[in-house]
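Secondary and tertiary structure notes
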Amino acid sequence: MARRAVEQELSRERILEAARHLFITKGYRAISMRSIGQHLGYSHGSLYYHFKEKAELFYAIVVEDFNHLRQLLLQAMVRPETDGVSRVEHILMEFIRFGLENPYQYEIMFMIRDEELLSYCRTEQGRCFELFRSIIVQYMKEEDCSEEDIEHVPRTLFLAMHGFISYYIQDRLTFAEIESSAQSHVKVLCRNIG
């Protein structure tokens, strides 16, 4: 009975939200299950109903953030071309928007250097890139692009966007502050693919 009451009060979503905030603001190594429980006003034991260990909790956050990014990319993929903005441009802008509106999550997802944590991110990074690549390849095939371009352009686009986001994240600029630069960047990148 007590376990059910705790599960109803302390949801998995609340734990993920609090842990994400603490990992971002204080760093993964500085945070313990006990400190997450204290932040939420619960004993750390109540967290173990949902997560066996801190690493599992971290991985759940990474998966959730990558799933959110994947959803945004899929939504952008079906957005119609409007005002001279292609589907690929929508996708690239959505990727940039995500990175700059969620800088701490983006850093955890794509820029983490800690070997232990990186192992949790690699699989999700690969899945995200494969989705991105497949969307770009589909578009490029519709546009009758060369096989050589289809082979190389998706990775080039992905890396160019990552570089753009990484550069502006350092200055903690918002997407709104650099949106016109992002649009120019995306236009240049897409000039020869459609």
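Each remark here, short or long, concerns the structure printed above.
Quick look at the structure, then. Counting from 1, residues in each chain are numbered in the order their sequence is written. Local features are withheld for residues below a pLDDT of 70 in this predicted model, meaning they are given only at 70 or higher, and side-chain atom pairs are given and counted only at 80 or more; totals for whole chains, interfaces and linings count all residues. Calculated side-chain values reflect all of the structure's heavy atoms, with hydrogen atoms and water omitted.

1. What to know about the overall build of the protein chain
- The way it works is that DSSP assigns letters per residue, a run of H or I at least four long becomes a helix, a run of E at least two long becomes a strand, and they are numbered from the N terminus. Per the secondary structure count, the protein chain includes nine helices and zero strands.
- Along the protein chain, from the amino end to the carboxyl end, the secondary structure elements read α-α-α-α-α-α-α-α-α.
- The C-alpha extent of the protein chain, read off along each of the three principal axes, is 60 × 35 × 30 Å.
- Evaluated residue by residue, the protein chain yields a buried proportion of 45% over its 194 residues.
- Note on definitions: a residue-residue contact is assigned when non-hydrogen atoms from the two residues lie within 4.5 Å. Here the analysis covers contacts within the protein chain between residues at least 6 apart in sequence; of these, 69% occur between residues at least 24 apart.
- Accessible surface is estimated by sampling points in the Shrake-Rupley manner with a 1.4 Å probe; for residues, cover comes only from the protein chains shown. For the protein chain, the exposed surface amounts to about 10600 Å²; the carbon and sulfur share of it is 48%.
- Charge counting follows a simple rule: Lys and Arg are positive, Asp and Glu are negative, and His as well as the terminal groups are ignored. Charge positions come from single atoms, namely NZ of Lys, CZ of Arg, CG of Asp or CD of Glu. Of note, the protein chain has its 23 positive side-chain charges centred 7 Å away from the centre of its 29 negative side-chain charges. To sort residues, take the accessible area from a 1.4 Å probe on protein chains only and compare it with the maximum for the residue type: under 20% means buried, over 50% means exposed, and anything in between is partly exposed.

2. Describing the environment of Ile169
- Counting through the fold element by element, Ile169 comes out in helix 8 (residues 147–170).
- Given a relative accessible area of 2%, Ile169 falls into the buried group.
- Sequence separation of Ile169 and Ser180 is 11 residues, and the distance between their C-alpha atoms is 16 Å.

3. A closer look at the packing of aromatic side chains
- Only centres within 6.5 Å qualify two rings of Phe, Tyr or Trp (six-membered ring in Trp) as a pair; their planes then separate them into stacked at under 30 degrees, edge-to-face at over 60, and tilted for everything else. A full pass over the atoms with the stated rule returns 14 aromatic pairs.
- Taken together, a centroid distance of 6.1 Å and an interplanar angle of 55° make the contact between Phe95 and Phe132 tilted. Separated by 37 residues along the polypeptide, Phe95 in helix 5 (residues 87–101) and Phe132 in helix 7 (residues 115–142) bring together distant segments of the chain.
- According to the relative accessible area criterion, Phe95 is buried, its value standing at 0%.
- Among the aromatic residues, those joined into a ring-pair cluster are Phe66, Phe95, Tyr106, Phe110, Phe129, Phe132 and Phe158.
- Any Lys NZ or Arg CZ that is within 6 Å of a ring centre and within 35 degrees of that ring's normal is treated as a charge sitting over the ring. Directly above the aromatic system of Tyr28 lies the positively charged group of Lys54, at a separation of 4.1 Å from the ring centroid.

4. A few points about the environment of His185
- Inspection of the secondary structure assignment puts His185 in helix 9 (residues 175–190).
- Residue His185 is classed as partly exposed on the basis of its relative accessible area, which comes to 22%.
- Taking the C-alpha atoms as reference, His185 lies 30 Å from Asp114; in sequence the two are 71 residues apart.
- Apart from the residues within four sequence positions on either side, His185 is in contact with Ile96, Ala160, Met161 and Phe164.

5. Quick look at the packing of helix 8 against helix 9
- For the pair helix 8 and helix 9, the least separation of the axes is 11 Å and the interaxial angle reads 160°. Comparing the axis directions of helix 8 and helix 9 gives the class roughly antiparallel. The crossing of helix 8 and helix 9 is right-handed. Taken together, the residues of helix 9 that come into contact with helix 8 (itself represented by Leu157, Ala160, Met161, Phe164 and Tyr168) are Ile178, Ser181, Ala182, His185 and Leu189.
- Polarity classes work like this: nonpolar for Ala, Val, Leu, Ile, Met, Phe, Trp, Tyr, Cys and Pro, charged for Asp, Glu, Lys and Arg, and polar for all others, with Gly in that last group. Its residues placed into classes, the contact of helix 8 with helix 9 shows eight nonpolar, two polar and no charged. Axes here mean lines fitted to C-alpha atoms, for a helix over just the part in contact, with angles spanning 0 to 180 degrees between N-to-C directions. In what follows, roughly perpendicular refers to angles from 65 to 115 degrees, roughly parallel to angles under 35, roughly antiparallel to angles over 145, and oblique to any angle outside these ranges. Should the near helix be turned counterclockwise from the far one by less than a right angle, the crossing is left-handed, whereas a clockwise turn marks it as right-handed.

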